[in-house]
Each structure stands twice: as structure tokens, then as C-alpha cells.
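# Observations on chain architecture
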Amino acid sequence: MKLTVEALRRALLATADAIEQQKDELTDLDREIGDGDHGINMSRGFQGVKKELEAQNSLTDLGELSKLVGMTLIKTVGGASGPLYGTAFVKFATKWKDKQSAEGEDLFAGFKEATEGIKSRGKSQVGQKTMVDIWEPFTAALQTDTSLEKVIDQALADTKAMVATKGRASYFGEETKAVQDPGALSSSILLKNIAEVLLHD
Amino acid sequence: MKLTVEALRRALLATADAIEQQKDELTDLDREIGDGDHGINMSRGFQGVKKELEAQNSLTDLGELSKLVGMTLIKTVGGASGPLYGTAFVKFATKWKDKQSAEGEDLFAGFKEATEGIKSRGKSQVGQKTMVDIWEPFTAALQTDTSLEKVIDQALADTKAMVATKGRASYFGEETKAVQDPGALSSSILLKNIAEVLLHD
Amino acid sequence: MDKLMQDANRFVSDIVDGLVLAHPNQYEKVEGLNVVKRKGGAIADKVGLVSGGGSGHEPAHAGYIGDGMLDAAVCGEVFTSPTPDMVLEGIKAADGGAGVLLVVKNYSGDVMNFDMAKDLAELEGIQVETVVVNDDISIQNEEDRRGVAGTVFVHKIAGAAAASGKSLDEVKQVADKVISRVRSMGMALSPCYMPESGKPGFELPDDEMWIGIGIHGEKGVERKAVAPVKDIAAQLVEHLTAEVTDKRIAVMVNGMGGTPVSELYLTYKYVSELLEQKGYEIVRPYVGNYMTALEMHGFSITLLPVDEELLQYLDASSKAIGFLV
Amino acid sequence: MDKLMQDANRFVSDIVDGLVLAHPNQYEKVEGLNVVKRKGGAIADKVGLVSGGGSGHEPAHAGYIGDGMLDAAVCGEVFTSPTPDMVLEGIKAADGGAGVLLVVKNYSGDVMNFDMAKDLAELEGIQVETVVVNDDISIQNEEDRRGVAGTVFVHKIAGAAAASGKSLDEVKQVADKVISRVRSMGMALSPCYMPESGKPGFELPDDEMWIGIGIHGEKGVERKAVAPVKDIAAQLVEHLTAEVTDKRIAVMVNGMGGTPVSELYLTYKYVSELLEQKGYEIVRPYVGNYMTALEMHGFSITLLPVDEELLQYLDASSKAIGFLV
Ligand SMILES: Nc1ncnc2c1ncn2[C@@H]1O[C@H](COP(=O)(O)OP(=O)(O)O)[C@@H](O)[C@H]1O
Ligand SMILES: Nc1ncnc2c1ncn2[C@@H]1O[C@H](COP(=O)(O)OP(=O)(O)O)[C@@H](O)[C@H]1O
Ligand SMILES: [Mg+2]
Ligand SMILES: [Mg+2]
Ligand SMILES: [Mg+2]
Ligand SMILES: [Mg+2]
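Reading guide: rules and limits
Residues numbered from 1 in each chain as written. Chains lettered and ligands numbered in written order. Predicted model: local features only at pLDDT ≥ 70, side-chain atom pairs only at ≥ 80, totals over all residues. Heavy atoms only, no water. UniProt positions renumbered as here; feature names shortened; annotations may be inferred. Donors = N, O, S within 2.8 Å, 3.2 Å for Na, K, Ca; no water. Contact = heavy atoms within 4.5 Å. Axes fitted to C-alpha atoms, helices over the stretch in contact; angles between N-to-C directions. Helix = DSSP H or I, 4+ residues; strand = E, 2+ residues; numbered from the N terminus. Parallel < 35°, antiparallel > 145°, perpendicular 65-115°, else oblique. Left-handed = near helix turned anticlockwise from the far one by under 90°. Nonpolar A, V, L, I, M, F, W, Y, C, P; charged D, E, K, R; others polar. Near = heavy atom within 4 Å. Polar contact = N/O pair within 3.5 Å; in protein donor to acceptor, adjacent residues only side chain to side chain. Buried area = accessible area lost by both parts, 1.4 Å probe. Salt bridge = Lys/Arg side-chain N within 4 Å of Asp/Glu carboxyl O. Phe/Tyr/Trp six-rings, centres within 6.5 Å; stacked < 30°, edge-to-face > 60°. Buried < 20%, exposed > 50% of the residue type's maximum accessible area, 1.4 Å probe, protein only. Lys NZ or Arg CZ within 6 Å of the ring centre and 35° of its normal. Pairing = 2+ DSSP bridges. pLDDT = per-residue confidence, 0-100. Areas by Shrake-Rupley, 256 points an atom, 1.4 Å probe, with all protein chains shown as cover. Least-squares fit on C-alpha atoms with pLDDT ≥ 70 in both.

- Going by an unreviewed UniProt entry, chain C carries the name Dihydroxyacetone kinase subunit DhaK and comes from Domibacillus mangrovi.

- For chain A, the name recorded in an unreviewed UniProt entry is phosphoenolpyruvate--glycerone phosphotransferase, with Domibacillus mangrovi as its organism.
- UniProt, in its Subunit (unreviewed entry) section for chain A, records the words "Homodimer. The dihydroxyacetone kinase complex is composed of a homodimer of DhaM, a homodimer of DhaK and the subunit DhaL."
- Under Catalytic activity (unreviewed entry), UniProt gives the following word-for-word description of chain A: "dihydroxyacetone + phosphoenolpyruvate = dihydroxyacetone phosphate + pyruvate".

## Details of the coordination of the magnesium ion (ligand 6)
- Note on the magnesium ion (ligand 6): its protein donors are Asp35 of chain A (OD), Asp37 of chain A (OD) and Phe79 of chain D (O). The metal-donor distances range over 2.0 to 2.3 Å.
- In this structure, the magnesium ion (ligand 6) lies 3.4 Å from the magnesium ion (ligand 3), and both are coordinated by Asp35 of chain A.

## Structural notes on the arrangement of the chains
- Most contacts, when the 3 pairs of chains in contact are compared, are made between chains C and D.
- Nowhere do chain A and chain B come into contact; their C-alpha atoms are at least 37 Å apart.
- Contact between chain B and chain D is absent, and the minimum C-alpha spacing across the pair is 18 Å.

## Thoughts on the packing of helix H1 (residues 5-33) of chain B against helix H2 (residues 38-55) of chain B
Residues and elements named next belong to chain B.
- Following both chains from N to C, one finds H1 and H2 inclined at 165°, their axes separated by 7 Å at the closest point. In terms of orientation, H1 and H2 fall into the roughly antiparallel class. Crossing geometry of H1 relative to H2 is assigned as left-handed. Contacts from Arg9, Leu12, Leu13, Thr15, Ala16, Asp17, Ile19, Glu20, Lys23, Leu26, Thr27 and Asp30 of H1 reach H2 at His38, Gly39, Ile40, Met42, Ser43, Phe46, Gln47, Lys50 and Leu53.
- Broken down by class, the residue content of the contact of H1 with H2 amounts to 9 nonpolar, 6 polar and 6 charged.

## Side note on the site of ligand 1
- Close contacts around ligand 1 come from 21 residues, with His38, Ser81, Ser124, Asp181 and Gly183 of chain A the closest.
- Neighbouring residues of ligand 1 are not confined to one chain but are distributed across chains A and D.
- Here Asn41 of chain A contributes a side-chain N or O atom positioned 2.9 Å from an oxygen atom of ligand 1.
- Contacts to ligand 1 include Gly122 of chain A, whose backbone N or O atom sits 2.9 Å from a nitrogen atom.
- Counting residues per element, the ones that place at least two in the shell around ligand 1 are helix H2 (38-55), helix H4 (81-95) and helix H8 (182-200) of chain A.
- The element that contributes the greatest number of residues to the shell around ligand 1 is H8 of chain A, accounting for 3 residues.
- Tallied by class, the residues present in the shell around ligand 1 amount to 5 nonpolar, 10 polar and 6 charged.

## A closer look at the interface of chain D and chain C
- Each partner contributes residues to the interface: chain D has 48 residues there, and chain C has 49 residues.
- Of the roughly 4,100 Å² buried where chain D meets chain C, counting both sides, 62% is carbon and sulfur surface.
- Summed over the three residues of chain D that lose the most area to chain C, namely Asp2, Leu4 and Tyr265 of chain D, the buried surface amounts to 19% of that side.
- In this assembly, chain D and chain C are joined by 4 salt bridges.
- One can count 20 residue pairs in polar contact (both at pLDDT 80 or more) joining chain D with chain C.

## Points about the packing of aromatic side chains
- Scanning the entire structure with this criterion turns up 24 aromatic pairs over all chains.
- Geometrically, the ring pair formed by Trp96 of chain A and Phe111 of chain A is edge-to-face, given 5.9 Å between the ring centres and 65° between the ring planes. One end of the pair, Trp96 of chain A, is in the loop between H4 and strand E2 (101-103); the other, Phe111 of chain A, is in helix H5 (residues 104-122), and 15 residues separate them in sequence. This pair shows no difference in class: Trp96 of chain A is buried, exactly as Phe111 of chain A is.
- Between the aromatic rings of Tyr286 of chain D and Phe323 of chain D, the centroid separation amounts to 5.3 Å while the plane-to-plane angle is 40°, which identifies the pairing as tilted. Taken together, the residues span a long stretch of sequence, with Tyr286 of chain D in strand E11 (residues 281-288) and Phe323 of chain D in the segment after helix H8 (308-315) at a distance of 37 residues. Phe323 of chain D matches Tyr286 of chain D in its accessibility class, with the two residues each being buried.
- One aromatic cluster in this structure is built from Phe89, Phe92, Trp96, Phe111, Trp135 and Phe138 of chain A.
- The side chain of Lys219 of chain C reaches across the aromatic face of Phe172 of chain B, ending 5.5 Å from its centre.

## Things to note about the pattern of salt bridges
All names here are of chain A.
- With the rule as written, the count across this model stands at 81 salt bridges over all chains.
- For Glu6, the salt bridge identified is with Arg10, shortest N-O distance 2.9 Å. Of this pair, Glu6 and Arg10 both sit in helix H1 (residues 5-33), separated by 4 residues, roughly a single helical turn.
- Classification of Arg10 as partly exposed rests on a relative accessible area of 35%.

## Observations regarding the sheet that holds strand E7 (residues 183-190) of chain D
Residue and element names in this part refer to chain D.
- Taken in spatial order, the 6 strands of this open sheet run E9-E8-E7-E12-E10-E11, and their pairing is mixed. Among the strands making up the open sheet, the edge pair consists of strand E9 (222-225) and E11. Put simply, the sheet's adjacent strands are angled 20° from each other on average, direction ignored.
- Here 7 bridges tie strand E10 (residues 248-255) to E11, and the two strands are oriented parallel to one another.

## Examining the pairing of strand E3 (residues 48-55) of chain D
Residues and elements named next belong to chain D.
- By the criterion of burial, E3 is predominantly enclosed, with 8 of the 8 residues buried.
- Pairing of E3 with strand E5 (residues 100-105), which is carried by 4 bridges, proceeds in the parallel orientation. Bridging from a neighbouring strand, Val50 pairs with Leu102 of E5.
- Judged from the 5 bridges that link them, E3 and strand E4 (residues 72-78) form a sheet pairing that is parallel. Bridge pairing links Gly52 to Val74 in E4.

## Description of the confidence of the model for chain A
- For chain A, mean pLDDT is 95; residues scoring 70 or higher make up 100% of the total.
- Of all secondary-structure elements in chain A, the lowest mean pLDDT belongs to E2 of chain A, at 94, while helix H6 (residues 132-141) of chain A reaches the highest, 97.

## Quick word on the site of ligand 2
- Neighbouring ligand 2 are 21 residues; Asp35, His38, Ser81, Ser124 and Asp181 of chain B lie closest to it.
- The site occupied by ligand 2 is bordered by residues of chains B and C.
- Within the contact set of ligand 2, an oxygen atom lies 2.9 Å away from a side-chain nitrogen or oxygen of His38 of chain B.
- Side-chain polar atom of Asp181 of chain B to an oxygen atom of ligand 2: 2.6 Å apart, as the coordinates give it.
- Relative to its unbound accessible area of 560 Å², ligand 2 is 96% covered by the protein chains.

## A closer look at the interface of chain B and chain C
- Facing the 32 residues of chain B at the interface are 31 residues of chain C.
- For the pairing of chain B and chain C, the buried interface totals around 2,500 Å² over both sides, and the portion due to carbon and sulfur atoms is 53%.
- Of all residues in chain B, Arg31, Arg121 and Tyr171 of chain B bury the most surface against chain C, accounting for 27% of the area lost on that side.
- For the interface between chain B and chain C, the tally reads 6 salt bridges.
- Between Arg31 of chain B and Glu203 of chain C there is a salt bridge, and its shortest N-O distance comes to 3.6 Å.
- Connecting chain B to chain C are 9 residue pairs in polar contact (both at pLDDT 80 or more).

## A look at the relation of the copies chain D and chain C
- Structural alignment of chain D on chain C gives an RMSD of 0.0 Å, achieved by rotating through 180° and translating 0.0 Å along the axis. Both copies of the chain, as the preceding transformation shows, are related through a two-fold rotation axis. Proximity to the rotation axis, assessed at the C-alpha, singles out Gly258 of chain D in chain D; its C-alpha lies 2.2 Å from the axis.
- Comparing interface residues between copies, 100% of those in chain D also sit at the interface in chain C, which points to an isologous, same-surface contact.

## Considerations on the UniProt feature "domain: DhaK" (unreviewed entry) in chain C
- UniProt marks residues 7-323 of chain C with the feature "domain: DhaK" (unreviewed entry), using the numbering shown here.
- Helix and strand shares over residues 7-323 of chain C are 34% and 24% respectively, and the end C-alpha atoms of the span are 29 Å apart.

## A look at the environment of His38 of chain A
Residues and elements named next belong to chain A.
- As for its position among the elements, His38 is in helix H2.
- Using a relative accessible area of 7% as the deciding quantity, one classes His38 as buried.
- Between the C-alpha atoms of His38 and Gly63, which are 25 residues apart in sequence, the distance is 27 Å.
- Beyond its immediate sequence surroundings of up to four residues, His38 is in contact with Leu26, Thr27, Asp30, Ser81, Tyr85, Pro182, Gly183 and Ser186.

## Let's talk about the pairing of E4 of chain D
All names here are of chain D.
- Extensive coverage of E4 is indicated by the burial of 6 of its 7 residues.
- Sheet analysis places strand E2 (residues 35-38) next to E4, joined by 3 bridges and oriented antiparallel. Residue pairing across strands places Val36 opposite Ala73, the latter belonging to E4.

Below you can see the structure in the form of C-alpha cells.
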């Protein structure tokens with residue numbers, strides 16, 4: 001498993017398209033246990049990323065690419081998800097600085113740093129029914145043999161069953177058990193697209 | 001045909017009940033070509049009249065009774081219909097002062113004065129699709145042999161077909177042709193109840 | 001019907017009570033009546049200003065009581081002109097010896113009830129004059145034109161003139177000057193509901209609107225598909241500018257009661273653009289819920305050509321809670 | 001969805017543009033951003049006050065800019081915290097050399113974005129402090145409590161303290177004093193609609209309501225049949241008075257955006273009655289649409305126990321269009 005600049009770029013463009021397709025679903029989940037804007041926020045952010053990627057197609061450095069994506073997300077998404085996704089990519093950049101590609105420990109280190117970044121930015125941890133519940137098992141799976149896609153699916157299912165205790169969803173308590181966390185779903189979209197390029201390249 | 005104090009009192013109490021029954025109908029017509037309060041206004045007014053009549057049941061003078069009713073309507077109804085109905089009864093009072101009953105020319109003079117009072121208070125005339133279009137033919141019929149009830153029914157039908165040019169209904173122009181004027185309907189209720197006591201006593 | 005209320009029979013008195021309770025240093029109720037007066041009563045030797053009409057137009061009319069605007073407001077039942085005896089109490093509360101001006105909106109009911117009150121007041125030796133506001137150009141026939149949001153400018157300007165010590169004739173004159181100039185037109189996205197009947201003034205599918213509404217929940221003169229606000233504003237502006245040709249104007253974008261100020265400011269952006277494109281100079285913009293129809297969602301535009309006199313009165317201090325300057 | 005708008009993608013900037021156009025002597029936009037600042041910029045040596053958050057709460061937050069209140073407001077997309085770069089521009093616009101206080105409402109997004117902006121501003125040598133408002137008692141867990149209408153009192157009081165020449169620490173201290181005391185709770189009769197999706201925050205039959213809503217169109221914590229307003233108010237007052245035990249209070253009855261002021265005054269009547277029955281003394285009542293959720297129909301009650309210091313700051317002059325004193 002190796003993440004190249006080109007592969008990450010491809011995964012990001014695919015994510016942008018997938019977010020467009022699932023925009024309403026993300027928004028509807030957020031209407032259930034949030035404030036009804038997650039699809040709109042993610043769409044604004046990843047359309048911004050797409051535009052940046054299309055404008056700057058000579059980037060050869062994984063660190064530069066990650067930083068560009070992180071800053072774009074921070075500047076365009078807003079809400080809770082903007083700083084969280086933005087922080088994740090900025091953290092990738094600190095670990096993948098000056099690298100054309102990342103694999104093995106480097107790859108893991110990037111995701112580890114990103115996941116920790118999300119947790120410390122959000123003052124959150126696993127089990128609170130947030131995007132963290134996707135990022136953490138995904139990152140752990142990078143060091144094992146498990147299928148990344150299966151891990152994501154399982155994590156999504158596990159997250160859905162949780163009671164939210166962080167972010168807007170926490171206002172709705174027990175009720176949140178029946179509804180998927182929108183940020184978990186958007187994270188699964190991003191990470192599945194990254195898994196795709198990691199596994200099939 | 002003779003109008004006694006007792007008969008007018010009976011007609012007014014019957015009107016109060018009839019208005020209660022047709023309150024929603026009056027309001028709905030006013031929603032169509034007015035502001036949706038005519039039933040509410042008339043109900044407030046005639047419930048007020050009923051209360052006054054029940055409190056003061058020793059009145060023996062047609063003038064005193066009419067004045068009491070007129071002042072009560074003026075003070076409780078408001079809107080356009082309050083001053084108009086109120087003026088009609090105050091005008092009765094000027095013609096029926098100190099009389100125990102009214103018939104023939106006296107009866108006619110009272111209604112003539114009331115109808116003219118409505119017209120001058122409202123700066124209105126026949127043909128504008130208002131209560132005047134009931135009061136005027138009713139008053140005229142007091143001097144002929146025609147059935148008062150038939151005259152009222154015919155006047156109501158004629159009024160319905162008119163285009164409103166006075167009061168709130170005038171805002172709706174041609175559209176008003178399809179809808180009965182609420183004030184015409186409430187006037188028909190009052191005058192039918194008066195006709196009833198005139199004819200059957 | 002979505003309405004915060006306790007009892008339909010007390011709807012108006014509950015509103016009036018709440019207003020007086022919330023502004024205890026400013027307002028007082030005439031004992032037992034839905035008539036509001038300035039705390040402490042009339043100002044000696046100042047022309048008194050009384051307005052009123054049916055309720056449901058809040059902050060009109062009681063919210064325009066205050067130094068620099070009205071002295072009393074007479075609050076009828078919802079959309080129902082108050083009775084002459086109530087108006088008389090308003091006149092008495094406003095009379096400081098220099099006479100009283102009644103600001104009446106052009107509805108049969110208001111005109112008749114205020115007229116009867118004027119007669120009664122004159123019997124008691126109070127000098128009374130009346131002006132009748134008729135700014136709503138959605139009605140073709142000028143005689144039938146309704147008084148709508150332009151009334152607020154009449155309150156403000158006549159109020160400032162009275163506060164500055166002008167005589168009853170002079171105050172009436174400047175009020176009439178405003179009336180002769182001011183023009184309004186409105187629209188609604190959704191109806192309002194009468195508190196007692198619980199019924200809407202009209203039924204309207206979500207994707208349609210009424211152009212040319214009044215302030216009593218009645219339908220307008222043209223029903224059409226909902227459009228982007230610029231198109232709506234353009235239609236209203238087109239009608240208004242056909243009548244208002246002086247280019248130096250005050251503009252009011254008025255909400256109908258249920259319109260959030262966010263939408264009013266958004267609307268103002270397009271209204272001002274359209275007017276400026278037509279060469280108008282907006283010297284005083286006003287945006288807010290000034291003359292409403294219960295919880296109706298919609299807006300009206302009012303244009304008032306101004307000169308130095310009117311500007312000075314518009315800018316004069318006002319302590320009325322609905323129009324603080 | 002009934003909404004006066006032109007283009008969902010420009011919804012927020014159209015509102016901001018309209019606000020600035022309607023108050024040209026008072027407000028200015030930071031070029032190209034939905035960041036509003038006082039016309040003429042920061043006041044030298046005065047502590048700058050910056051608030052903001054998602055939009056849809058108008059007149060919050062930009063409407064609270066003005067002498068005696070805020071210096072800049074950062075307007076995110078609807079119900080979406082603004083980004084750190086935007087907040088940074090707000091901080092810069094407000095900084096007169098005496099440091100800047102950020103008034104943040106307790107939402108993950110707001111806290112994170114404002115924190116990141118604070119870091120960026122400190123890199124540029126601007127001293128920044130933050131207070132986080134969490135007055136909404138509908139949330140059990142104190143840590144998760146949302147900032148709602150009580151924020152307006154924080155703006156007013158911290159703004160007056162800053163205007164009176166207090167230092168950044170002192171202003172922060174009085175803001176924290178307000179936050180420690182102020183408590184709110186709200187309800188909704190009907191939802192609001194997101195301009196882009198056109199969807200309501202929740203579906204709710206006409207005869208039901210939500211108790212314990214926030215200001216982002218989300219459903220509340222208890223859904224029940226619509227009741228007379230006194231019963232609703234009694235439930236909110238019950239919860240509030242369990243937490244607010246000091247008896248000398250300022251009270252705000254705040255509309256959610258689509259609530260006509262008539263209903264707010266009517267509501268205030270019962271709120272004040274209930275509080276007085278419980279021995280509270282309402283020394284400052286405030287009634288109006290102060291902190292809204294688009295066109296939502298409903299209200300919230302905010303209680304703030306006051307002492308002489310807070311009263312003096314509440315009564316200090318303010319030129320902010322949303323809170324004129
Ligand atoms: N403190 C937090 N830590 C981790 N994730 C969070 C936190 N707060 C929110 N999230 C994630 O963000 C998502 C919501 O994002 P979004 O709707 O865009 O922002 P907002 O909640 O500000 O409207 C949630 O579904 C959740 O996964
Ligand atoms: N100027 C007028 N002359 C005669 N009748 C009138 C006039 N204006 C209104 N009306 C009558 O009054 C009725 C409306 O009364 P109501 O609804 O109680 O008052 P408002 O129009 O003030 O709401 C109309 O249906 C009409 O018959
Ligand atoms: Mg959200
Ligand atoms: Mg009517
Ligand atoms: Mg009426
Ligand atoms: Mg949000």
C-alpha cells in the first residue's frame with residue numbers, strides 16, 4: 001500500500017464527486033441529529049478542493065498537496081467539520097513534508113497524526129459518535145491485514161449504534177442511536193476513496 | 001303591520017341567535033371579499049345587545065329601545081358595520097321617540113331615516129354591493145303590498161350579482177360578483193327577523 | 001394556525017397589556033380600555049397626535065407613542081376599527097390644550113368611527129382635525145386606496161412637527177404633505193390567521209404569492225408564482241416609480257409581521273439597487289417590521305419624496321419604541 | 001418553503017450587503033468577506049469586541065455593531081461557523097491597540113474556528129481573549145450547553161464596559177460574570193427552512209410544538225401538543241427559576257425570527273406575571289426578535305440576575321441597530 005501524490009489527488013477528486021452525490025443524504029442525517037448543513041458544508045469544501053486541485057496540477061509533494069487541501073477546507077467549510085477535516089490534512093502535511101509518496105510506517109504516521117489532530121482539535125475521543133469513530137479504526141487497520149473497506153463498513157455500523165456525546169448531535173441523546181452520524185458518513189466516503197487508491201493501485 | 005317594543009325586542013333576540021348560528025358563514029364571506037371579521041364583529045355586537053336587553057327589560061318606549069341598541073352596537077362592533085348599524089338604530093330612535101309602537105307612515109319613516117343614515121354615514125348608495133342594497137328595497141317594500149321576505153330574498157340575490165365599489169370588498173373588483181356581501185347577509189338576517197314580527201304578530 | 005396566545009377573546013388586550021408592562025416608564029393604559037397613552041399623559045400646549053385602527057399591525061399603533069411621535073393610540077379588535085367611545089378616550093388622553101390631530105387610515109370603518117369620535121370630542125370642547133392616509137397604490141381607484149405602511153412616516157413627521165411646537169393647522173398641513181407624496185405597495189408569501197376563527201385570510205399554495213395586498217390579511221390583486229425577490233421587487237418598484245417621480249426619497253422596506261429581518265435586509269439590497277438604477281437617490285432607508293398584518297410573511301415598499309423640511313422631521317429625536325431615533 | 005431570497009448561494013452575502021446598504025453611516029463590509037465592521041474602523045485604545053457565528057440569527061450578530069456594543073461581526077454561512085481566516089479579519093478590524101475580546105457561543109464549530117483565529121491573530125501581535133456563552137438550559141450536560149439569546153446581554157454589557165474604557169481583562173471579567181449568571185430556554189411552533197436545501201429543520205404537525213430548541217433550526221428536547229402560551233411560559237419559567245435564584249432580574253422575551261412582536265408582547269405579559277408570582281422583580285424587560293433562527297416561529301426566555309454594575313452597563317448608550325439605548 002502506497003499513497004502517491006497522483007493517487008491522493010485522484011482519491012480527493014473522487015471524494016468530491018461522491019460528496020456531491022451524497023450531499024442530500026449527509027444533509028438529511030444532519031437534519032435528524034444536527035442542524036441540517038453537513039452535506040452543504042462538505043460540498044462547498046470539496047468543490048473548493050476540486051477547484052484548487054484543477055488549478056494547481058503541478059504539485060509533486062504529498063506535504064504540499066495535503067497542506068493545500070487542509071487550508072482550503074479550513075477556509076471554505078466552516079462549522080465543526082471544517083476545522084476537523086482541515087486539521088487532519090494539515091497534520092498529514094506535517095508528516096509527509098517533502099515526500100513524493102508515503103507507505104508503511106510513513107503512511108500510518110500520517111493517519112495517526114491526523115486522527116490525533118481531529119481528536120485534540122475537537123476535544124473528542126472514540127465512542128462519542130463522531131467522525132473520530134471512523135478515523136481511529138481506519139488508522140489502526142493500516143497496521144493490520146484487515147480489509148480497509150470492511151473496517152470502514154464495520155466502523156460505520158458501530159458508530160450508528162452509539163449515543164452521541166459530542167457536537168450538536170449530543171443534544172438529542174438516546175434518539176441518536178437510530179441515526180448515522182453525518183460526519184462519520186462523510187469520513188467514510190473520504191477514507192473509502194483513499195482506501196480504493198491504496199488497495200488497487 | 002305594527003312594531004311594538006316587545007316585538008322589536010323579540011326580533012332583536014332572534015337576530016342575536018341567528019347571527020350566532022351564521023357567524024362562521026358571515027366571517028367566511030368576509031374572508032372572501034373583506035378581512036374575515038364580519039361574523040365576529042356582528043356576534044360581539046348582538047351578544048352585547050342581548051345582554052343589554054336582558055338587563056333592561058322594563059323599556060316601554062320604542063325610541064329608548066332603539067337608542068340603547070344603537071349605542072350598544074356603536075360601542076361594541078367597531079369596523080365599518082358598527083357605525084352603520086349603530087346609526088340605523090339611532091335614526092330609528094329619532095323617529096320613534098316616545099312611541100310605544102310604530103305602524104304605517106311612522107314605521108316607514110323610521111326605516112327611511114335609518115336607510116338614509118346608513119347611506120350618509122357610509123357615503124354610499126344603492127348598487128355598490130353593501131348592506132344598503134338590502135335596507136333600501138326593504139324600506140320601499142314597507143309602502144307596498146309585496147311580501148317582505150320575498151323582497152329580502154330578491155335583494156340578496158341581486159346584491160350577490162353586483163360588483164362591489166364600496167368598503168373593503170371594492171378592492172377585489174369583478175371577483176366580488178361570485179360572492180355574497182357579508183353585510184348584506186347580516187342585514188337580511190336582522191330585517192327578516194323584523195319582518196317576521198311585523199307580519200305574524 | 002401557529003400562534004402564541006392565551007385566549008382569542010383577550011388577544012388584543014393581552015398584547016396591549018404586554019406592551020405596557022414591557023415599557024412601564026413609557027406607556028400607560030386608559031383604565032379598562034385598549035387605549036394606550038404616553039405615561040404621564042398629554043403635554044401641555046403641544047398638539048396631541050392620536051392614531052389607531054384595528055389591531056394586528058404591531059408595533060403600530062401603540063409602539064409609535066413616545067416623545068417625538070404619537071400621544072395616544074386606540075387599539076380596536078384585530079383588523080376591526082375601534083369604536084367612537086374608545087377613540088374619544090384617546091383624544092382626551094392626547095389633548096394638552098392645543099388641539100388633537102387624528103391620523104386615520106382610509107378604511108370605511110376607521111373613517112366613520114374616528115369621525116364620530118371627532119364629533120363627540122368637539123362637543124367636549126376639544127379641537128380636532130383629521131388626516132386620512134391612503135398610500136396603497138395596489139388599488140386603482142384613488143378614493144378607495146388603503147392606508148398602509150406610509151402611515152408610519154405620517155406619524156413620525158407629524159409627531160416631530162408637533163414636538164417642535166407647531167400649531168394644529170401646521171401639523172395637519174405637514175401630515176397632508178406627507179400623505180400627498182407617500183406611496184406603498186406590498187406582497188405576501190403566506191397568509192395570516194385570525195385569532196378567533198383560526199382561519200387564514202386566504203389559501204395560497206407554497207409556490208404562489210399575492211401581489212398588492214393590504215394589511216388586513218386580505219388577498220392581493222394579482223396571484224402568481226413565487227419568484228426571486230429581485231423580480232418581485234422590480235414589479236413593485238415599477239408601479240411605485242410610475243407615481244413617485246421626485247428622485248430624492250426615503251424608502252421603507254416593511255415586513256408584514258412574520259418576515260425575519262434577514263429577509264428584509266436581503267430584500268432591501270435589491271430594492272435599493274433597482275431604485276438607484278432608475279436614478280433615485282435614497283437619502284433615508286428604513287428596514288423593519290413597522291406596519292404588519294399579524295404573522296403574515298411578506299413585505300411592502302414605501303417611497304416618500306423628501307425635502308429639507310421632511311428630512312428634518314424624519315431625523316428628529318423619537319423615543320417611540322417602534323421608531324427610535 | 002416561504003422565503004424572500006434571490007439565490008441560495010448568495011443568501012448570506014445578500015443579507016450582509018442589505019444591512020450595510022441600509023445603515024451606510026454605521027456599517028462597512030470587510031472587502032470581499034461577510035465580515036462587518038463599524039464604519040471608520042476600530043476605536044483607538046478601546047478594547048475591541050468581536051462576535052459572530054453562523055448566519056440566520058439576524059439581527060445577530062452584525063446588528064449589534066455600534067457605539068457601545070460590538071466593533072465587528074463575522075457572518076458564517078447559515079448555521080455554519082465562519083472560518084478562521086474570516087474571524088481573523090474581524091479581529092483585525094476591531095483591534096484598536098487595546099486587545100480584542102471574542103464572544104463565542106458554545107458550539108464545537110464556533111469554538112474551534114474562533115480558537116484557530118485567535119492563534120492566527122496572536123501571531124500578528126494582537127492580544128485576544130475569548131468568552132464562551134452557554135446559557136441554554138435545555139441541555140442537561142452543562143459542558144454541551146449552547147449559547148443562545150443570552151449572548152445579546154453579553155454583547156451589551158461587555159460592549160458598554162469596553163466603551164467605558166475598561167481593559168481587556170476587565171471586559172472579559174464582566175462578560176464572564178454575565179455568562180455565569182444568564183440562563184435561557186426556548187420553544188418553537190414551527191420550523192425554519194435552510195435556504196439551500198429548502199428543507200425544514202424538523203417536521204412538526206400544526207398542533208404540536210418543540211420545547212427546548214436551540215437557534216439552529218434543530219428540534220428541541222420535548223415534543224408536545226400546543227398549549228395556551230401561559231402554560232408554555234410556565235414550563236420554561238419553571239426550568240429557568242430552578243437555576244436562577246437571585247430575584248432581581250433582567251428578562252428577555254426573544255422571538256425566533258418569524259414571531260410577530262404582537263405575540264412577543266402577549267407572551268411577555270404571562271412571563272412577567274409568572275415571574276412576579278414567584279417573587280422575582282423584573283427591573284429591565286426586553287421584548288423583540290434579538291437572536292433568531294431564520295423564520296422560525298417561537299420564543300425564548302432569558303433571565304439575567306443583575307446588580308448595579310450590570311444595570312449600569314445595560315442602560316449605557318448603544319447605537320447598535322439591534323439594541324438601541
Ligand atoms: N468535537 C467534535 N469532535 C469530532 N467530531 C466532531 C465534533 N463536533 C462535530 N463533529 C463532527 O462534525 C459533524 C458535523 O459537521 P457539520 O454539520 O459540518 O458542522 P456543525 O455541527 O457545526 O453544523 C458531526 O457529524 C461529527 O461527526
Ligand atoms: N361605506 C359603506 N357603506 C355601506 N355599507 C358598508 C360600507 N363599508 C362597509 N359596508 C358594509 O359593511 C360590511 C363589512 O363589515 P365588517 O366586516 O364588520 O367591517 P370591516 O369592513 O371594517 O371589516 C360590508 O359587507 C358592507 O355591507
Ligand atoms: Mg451541521
Ligand atoms: Mg370585515
Ligand atoms: Mg375589519
Ligand atoms: Mg452547522
